[in-house]
Amino acid sequence: MMRLHTHPASPFGRKVLVAAHELGLAAEIKVEHRKVSPVEPHPEVVADNPLGKLPTLVREDGTPLVDSRVICEYLDARAGGGRLHPEEPELRWRALMLQALADGMMEASVLARYETVLRPEALRWPAWLEHQKRKVARTLDRIEQQAQDLDPEAVHIGLIALACALGYLDFRFAEDGWRQGRPRLAAWFERFRTRPAMQATLPRDLVA
Ligand code: BEZ
């Protein structure tokens, strides 16, 4: 059995689990929920990943894999290869570019979350938070403009990452209303979010 250090609210952890469900590998992964933050590394995560970051996958032989991109490629290869990372060059670059944009939105959103709930009030810097949010808004606008990449029938790593980024915005930043002015992205997500892999991995807080 593989083991996955993750957190039920982590969009990167969700990306790995959605990929595992889509590939039929979820039953081979034991999920171990960890509470971590940049200032409170979890010793069991650090033992497997010196960066102390989630998600970290530990293979059956004990060797760890990070980060979510590497883990998703590993799972895809383990399932036979080429199912979530298209082999046809142009499709592949488009999927990987979308994944990079979505991962960047997740990173900016998680940093914005830390800034609002973790950083002591006296050390907060509103302009920094605002710029993380603008990064997300610009990227959403760009994806809305290039909505031809949002094939409603397709499932690949770029679309999975995008869905997890949008799911995280709904979970932590619902009041920002990302759907406003982005009808094509909203329509695509309305459909993708009903996939069993998405429903099985809905974000939630970790209850101690
Ligand atoms: C969150 O609570 O929003 C969160 C938890 C773990 C990783 C990323 C985000």
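Residues numbered from 1 in each chain as written. Predicted model: local features only at pLDDT ≥ 70, side-chain atom pairs only at ≥ 80, totals over all residues. Heavy atoms only, no water.

Student: Explain the site of the ligand to me, please; I cannot follow it from the model alone.
Tutor: Every residue close to the ligand is listed here: His 7, Ala 9, Ser 10, Val 110, Arg 113, Tyr 168 and Arg 172. Tyr 168 has a polar side-chain atom sitting 2.5 Å from an oxygen atom of the ligand. A distance of 2.8 Å is found between an oxygen atom of the ligand and a side-chain nitrogen or oxygen belonging to Arg 172. If the ligand stood free it would expose 260 Å²; the protein chains cover 87% of that surface. Broken down by secondary-structure element, the contributors of at least two residues to the shell around the ligand are helix H4 (89-117) and helix H6 (157-172). Grouping the constituent residues of the shell around the ligand by class yields three nonpolar, two polar and two charged. (Near = heavy atom within 4 Å. Polar contact = N/O pair within 3.5 Å; in protein donor to acceptor, adjacent residues only side chain to side chain. Areas by Shrake-Rupley, 256 points an atom, 1.4 Å probe, with all protein chains shown as cover. Helix = DSSP H or I, 4+ residues; strand = E, 2+ residues; numbered from the N terminus. Nonpolar A, V, L, I, M, F, W, Y, C, P; charged D, E, K, R; others polar.)

Student: Would you mind showing me how to read a nonpolar patch on the surface here?
Tutor: Taken together, the side chains of Val 39, Val 117 and Leu 118 define a hydrophobic patch exposed on the protein surface, amounting to about 270 Å² of accessible area. As for its position among the elements, Val 117 is in helix H4. (Patch = residues over 30% accessible without salt bridge, like charges linked within 9 Å, V, L, I, M, F, W, Y side chains within 5 Å. Salt bridge = Lys/Arg side-chain N within 4 Å of Asp/Glu carboxyl O.)

Student: Sorry if this is basic, but what is going on with the state of the cysteines here?
Tutor: Throughout this description, disulfide means a covalent bond between two cysteine sulfur atoms. Applying the stated criterion across every chain, the model contains zero disulfides. Unpaired in this structure, Cys 72 has its nearest cysteine sulfur neighbour in Cys 164, at a distance of 8.5 Å. For Cys 164, a relative accessible area of 1% gives the class buried. (Disulfide = S-S within 2.5 Å. Buried < 20%, exposed > 50% of the residue type's maximum accessible area, 1.4 Å probe, protein only.)

Student: Looking at this structure, how should I read the domain arrangement of the chain?
Tutor: Often, the extent of an interface is quoted as the loss of accessible area on bringing the components together. Per the domain assignment, the segments making up the chain are domain 1 (2-78) and domain 2 (89-195). With 16 residues of domain 1 at the contact, the number on the domain 2 side is 19 residues. Summing both sides of the interface, domain 1 and domain 2 together bury roughly 1,400 Å²; the carbon and sulfur share of this comes to 70%. If you look at where domain 1 meets domain 2, you find three salt bridges. For Asp 103, the salt bridge identified is with Lys 15, shortest N-O distance 3.0 Å. Counting the contacts that link domain 1 with domain 2 gives four residue pairs in polar contact (both at pLDDT 80 or more). Here the element with the most residues in the side of domain 1 that touches domain 2 is helix H1 (residues 11-23); it accounts for seven residues. Of the residues belonging to the side of domain 1 that touches domain 2, the class tally is nine nonpolar, two polar and five charged. (Domains from an automatic or database assignment. Contact = heavy atoms within 4.5 Å. Buried area = accessible area lost by both parts, 1.4 Å probe.)

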